[in-house]
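The primary structure of each chain is shown beneath.
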Amino acid sequence: SKPSYRWRRVLLKVSGEALAGDQAQNIDPKITMAIAREVAAVTRLGIEVAIVVGGGNIFRGSSWAGSSGLDRSSADYIGMLATVMNAIFLQATMESIGIPTRVQTAFRMSEVAEPYIRRRAVRHLEKGRVVIFAAGTGNPFFTTDTAAALRCAEINAEVVLKATNVDGVYDDNPKHNPNARLQDNLTYHDVISKELSVMDLTAITLCQENNIPVVVFNLNKTGNIAKAIKGERVGTLIGD
Ligand code: UDP
């Protein structure tokens, strides 16, 4: 019989910074290829994978607004456009190794990608396609972590898997406290009350309100993405 895995449908969040690797350019193709390979392996097992991609490797609205004279909304729209570049790069990489992949954008760019249509996204997933959600939530003042929580809730995915450059969440800031320890499990309350920098409050609260567990893990270790998607122990699991 078919082996069963912990999750049937997952929302993988890939930050822009994770895509950059140690390259001087904005995107490291070794990283996008590694992501594509691991996602390919799990889709073959029948696990449905949706991806929200960030844009911080190219443009982060909040760091430009103010100082540059740019208003926050304009800066954030540029940030959202940056996520579309990453999404198309990732889509092309996935398709180069034979994984059918659709990009859906939160605002229309119909020559480039499909518009976000929830039921259509779900249909793609049911057919075994990977869906990449780009342009965040489509609204300034939000983040792609919030987009990940939102899309996860909308498409009834069971977990947000947050791929980062760190091994997981520590009980204190490891930069300031050398005794900070990596945690296997945390509650939403721990994350919020101790202000652990996992995701912004809007995103973590949305997960909490909708009982969406969050796994924070390091995508630079080979095999971790596949492990996280299969529900194997990796990084930090945040839940009730
Ligand atoms: N952004 C936005 N609304 C959203 C998602 C993203 O305005 O719903 C903008 C915001 O300026 C943000 C940028 O897009 O700084 C890139 O997204 P994010 O910083 O979340 O990317 P990541 O940290 O994952 O690389």
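Cut-off values and rules
Residues numbered from 1 in each chain as written. Predicted model: local features only at pLDDT ≥ 70, side-chain atom pairs only at ≥ 80, totals over all residues. Axes fitted to C-alpha atoms, helices over the stretch in contact; angles between N-to-C directions. Helix = DSSP H or I, 4+ residues; strand = E, 2+ residues; numbered from the N terminus. Parallel < 35°, antiparallel > 145°, perpendicular 65-115°, else oblique. Left-handed = near helix turned anticlockwise from the far one by under 90°. Contact = placed C-beta atoms within 7 Å. Buried ≥ 20, exposed ≤ 12 C-beta atoms within 10 Å, placed from the backbone. Pairing = 2+ DSSP bridges. Near = placed C-beta within 6 Å. Nonpolar A, V, L, I, M, F, W, Y, C, P; charged D, E, K, R; others polar. Expected span 1.5 Å × (residues − 1). pLDDT = per-residue confidence, 0-100. UniProt positions renumbered as here; feature names shortened; annotations may be inferred.

### Points about the packing of helix 2 (residues 29-43) against helix 4 (residues 72-96)
Relative to each other, helix 2 and helix 4 sit at 55°, their axes nearing to 9 Å. On the basis of their axis angle, the class for helix 2 and helix 4 is oblique. Crossing angle aside, the handedness with which helix 2 passes helix 4 is right-handed. Of helix 4, the residues touching helix 2 (which contributes Thr32, Met33, Ile35, Ala36 and Val39) are Phe89, Leu90, Thr93 and Met94.

### Considerations on the packing of helix 6 (residues 144-154) against helix 8 (residues 201-209)
For any two helices packed against each other, one specifies the crossing angle of their axes together with the interaxial distance. The interhelical angle for the contact between helix 6 and helix 8, taken along N-to-C directions, is 15°, at an axis separation of 8 Å. As judged from the angle between their axes, helix 6 and helix 8 are roughly parallel. For the pair helix 6 and helix 8, the crossing hand works out as left-handed. Between helix 6 and helix 8, the residues in contact are Asp145, Thr146, Ala148, Ala149 and Leu150 and Thr202, Ala203, Leu206 and Cys207, respectively.

### Remarks on the pairing of strand 1 (residues 9-14)
When you tally the buried positions in strand 1, you get 5 out of 6 residues, the bulk of the element. Sheet topology places strand 1 next to strand 2 (residues 48-53); 6 bridges connect them, and they run parallel. Among the inter-strand pairings, Lys13 is bridged to a residue of strand 2, identified as Val52.

### Comments concerning the environment of Phe133
With respect to the helices and strands, the residue Phe133 is situated in strand 5 (residues 130-134). Excluding anything up to four places from it in sequence, Phe133 contacts Ala50, Ile51, Val52, Gln104, Tyr116, Ala147 and Arg151.

### Remarks on the site of the ligand
If you check the shell around the ligand, you find 25 residues, and the closest are Gly54, Gly56, Gly61, Gly79 and Gly136. Breaking the shell around the ligand down by element, the ones donating at least two residues are helix 1 (16-20), helix 3 (61-64), helix 4 and helix 6. Here the shell around the ligand takes 6 residues from helix 4, the largest share from any one element. Of the residues contributing to the shell around the ligand, the split by class is 6 nonpolar, 15 polar and 4 charged.

### Concerning the sheet that holds strand 2
The pairing of strands in a sheet happens through backbone hydrogen bonds and is either parallel or antiparallel. Across the sheet, which stays open at both edges, the 9 strands sit in the order 4-3-5-2-1-6-8-9-7 with mixed pairing between neighbours. What marks the edges here is a single partner per strand, and that holds for strand 4 (114-115) and strand 7 (185-187). As defined by bridge partners, strand 3 (residues 101-105) adjoins strand 5 across 5 bridges and the pair is classed as parallel. Within the sheet, the bridge partner assigned to Val103 lies in strand 5 and is Ile132. The sheet contacts of helix 6 involve strand 1, strand 2, strand 5 and strand 6 (160-164), and relative to strand 1 the element is tilted by about 170°.

### Let's talk about helix 2
Three or four residues apart is the spacing at which side chains of an α-helix point the same way, because the helix has 3.6 residues per turn. Taking 1.5 Å per residue as the helical rise, helix 2 with its 15 residues ought to reach 21 Å, and the 21 Å between its terminal C-alpha atoms agrees with that figure. Buried residues along helix 2 sit in contact with strand 1, helix 1, strand 2, helix 4, strand 5 and helix 9 (224-230).

### Let's talk about the confidence of the model for the protein
For the protein, per-residue confidence averages 94 on the pLDDT scale, and 99% of positions sit at 70 or higher. For this predicted complex, the interface confidence score (ipTM) comes to 0.98, while the overall pTM stands at 0.96.

### Quick look at the UniProt feature "domain: Aspartate/glutamate/uridylate kinase" (unreviewed entry) in the protein
Feature annotation in UniProt assigns "domain: Aspartate/glutamate/uridylate kinase" (unreviewed entry) to the following positions: residues 9-218. Spanning residues 9-218, this segment combines 40% helix with 18% strand, and its end C-alpha atoms are found 20 Å apart.

### Quick notes on the environment of Arg6
Its location among the elements puts Arg6 in the segment before strand 1. In sequence terms Arg6 and Ile47 are 41 residues apart; their C-alpha atoms lie 9.5 Å from each other.

### Quick notes on unusual backbone geometry
For Asn156, which is not glycine, the phi dihedral falls at a positive 55°. Following the sequence through the fold, Asn156 ends up in the loop between helix 6 and strand 6. On the neighbour-count criterion, Asn156 (11 C-beta atoms within 10 Å) is exposed. One non-glycine residue, Glu195, lies in the positive phi region at around 50°. With respect to the helices, strands and loops of the structure, Glu195 is situated in the loop between helix 7 (188-193) and helix 8.

### Digging into the pairing of strand 9 (residues 236-239)
Residues in a regular strand project their side chains so that they alternate between the two faces of the sheet. By the bridge criterion, 3 bridges tie strand 7 to strand 9 in an arrangement that is parallel. For Asn185, the partnering residue across the bridge sits in strand 9 and is Leu237. Across 3 bridges, the pairing between strand 8 (residues 214-218) and strand 9 is antiparallel. Of the residues in strand 9, the one forming a bridge with Val216 is Thr236.

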